[in-house]
Amino acid sequence: MAKQSKKSPSVDNPGKVLKRSRYTKAETFAIFKRFHTDNPEPQGELDYVNAYTLLVAVVLSAQATDVGVNRATRNLFQIADTPEKMVALGEDKVREEIRTIGLYKNKAKNVILLSEQLIRDHGGDVPEDREALELLPGVGRKTANVVLNIFFGHPTIAVDTHLFRLGNRIGLAPGKTPLDVEKAMERAVPQEFALHAHHWLILHGRYICKARKPECRRCVIYDLCKSPEREVFDSIPEIAVRTRALAEKDNNS
Ligand code: SF4
């Protein structure tokens, strides 16, 4: 995942941070219903084979793309898919395997340290507990939330640069810090959509509501969006019309 933005979080009005969501409960429900209709089972884009390799992949993804991480871990995870094997492999070999990823020296060190800690404190297992995860070297709140969500099925919101931008840009979950946005998003997201909200928002921010220029013509929530950055068209884009119709049909069935 890419590095957290240090820019002002209120993209449309720098210097001013909204405190509350711009959307009513019904509008927020409609937004997530659209995401669900468009992509019922969203998937993360990091490759992994178990909780441990997911944890390592997320640690490696800081300031790196998922594609770049997957390229680097393809061989690494074939050699070492458990903490024990990773420690046996050693820091030098790990560093060599992941040398194409940014900050690889520090990351290799953390991978070995966290593997040793998993063996020592958790019998080699990845704990299903945020505090325990955050005690591991190289693991912060975002990484812990990703692992809890993707592997253990907790309805956590991991705020990366895309989710942080989106929460502020469209005013769904405004906040000055990633933790503010995480909490605001947890309050905003309807319970039935909580498990997949993290993925929908990250994918939407990564591929549609992009940092430099949102691709509003490809946006399934176009007519619901209240961002001042929303592009103005003569009519609602076809994708939004079609997804709205499908979502409403599903609501009424
Ligand atoms: S309409 Fe545009 S600004 Fe609004 S969420 Fe969609 S892509 Fe982002």
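All of these numbers come straight from a predicted model, not from anything done at the bench.

Enquirer: Lay out the site of the ligand with the relevant residues and their values.
Expert: Close to the ligand lie 13 residues, the nearest being Cys209, Pro214, Cys216, Cys219 and Cys225. Per-class residue counts for the shell around the ligand are nine nonpolar, one polar and three charged.

Enquirer: Just give me the short version of the domain arrangement of the chain, but keep the residues and values in it.
Expert: On domain assignment, one finds that the chain holds domain 1 (25–42 + 156–252) and domain 2 (51–150). The C-alpha-based centres of domain 1 and domain 2 are spaced at 30 Å. Across the boundary between the two partners, domain 1 contributes seven residues, which contact five residues of domain 2. Taken together, the residues of the side of domain 1 that touches domain 2 break down into four nonpolar, two polar and one charged.

Enquirer: Residues and numbers for unusual backbone geometry, please.
Expert: Despite not being glycine, Gln63 shows a phi value in the positive range, around 55°. By the C-beta count within 10 Å, which is 14 here, Gln63 ends up partly exposed. Residues other than glycine seldom take positive phi values, yet Leu103 does so here, at roughly 60°. Inspection of the secondary structure puts Leu103 in the loop between α5 (91–97) and α6 (104–122).

Enquirer: Run through helix α1 (residues 25–38), naming residues and quoting values.
Expert: For α1, which comprises 14 residues, the first-to-last C-alpha distance of 20 Å matches the rise-based estimate of 20 Å (1.5 Å per residue) to within 8%. Residues of α1 that are buried sit in contact with α10 (178–188), α11 (194–207) and α12 (238–252).

Thresholds applied
Residues numbered from 1 in each chain as written. Predicted model: local features only at pLDDT ≥ 70, side-chain atom pairs only at ≥ 80, totals over all residues. Near = placed C-beta within 6 Å. Nonpolar A, V, L, I, M, F, W, Y, C, P; charged D, E, K, R; others polar. Domains from an automatic or database assignment. Contact = placed C-beta atoms within 7 Å. Buried ≥ 20, exposed ≤ 12 C-beta atoms within 10 Å, placed from the backbone. Helix = DSSP H or I, 4+ residues; strand = E, 2+ residues; numbered from the N terminus. Expected span 1.5 Å × (residues − 1).

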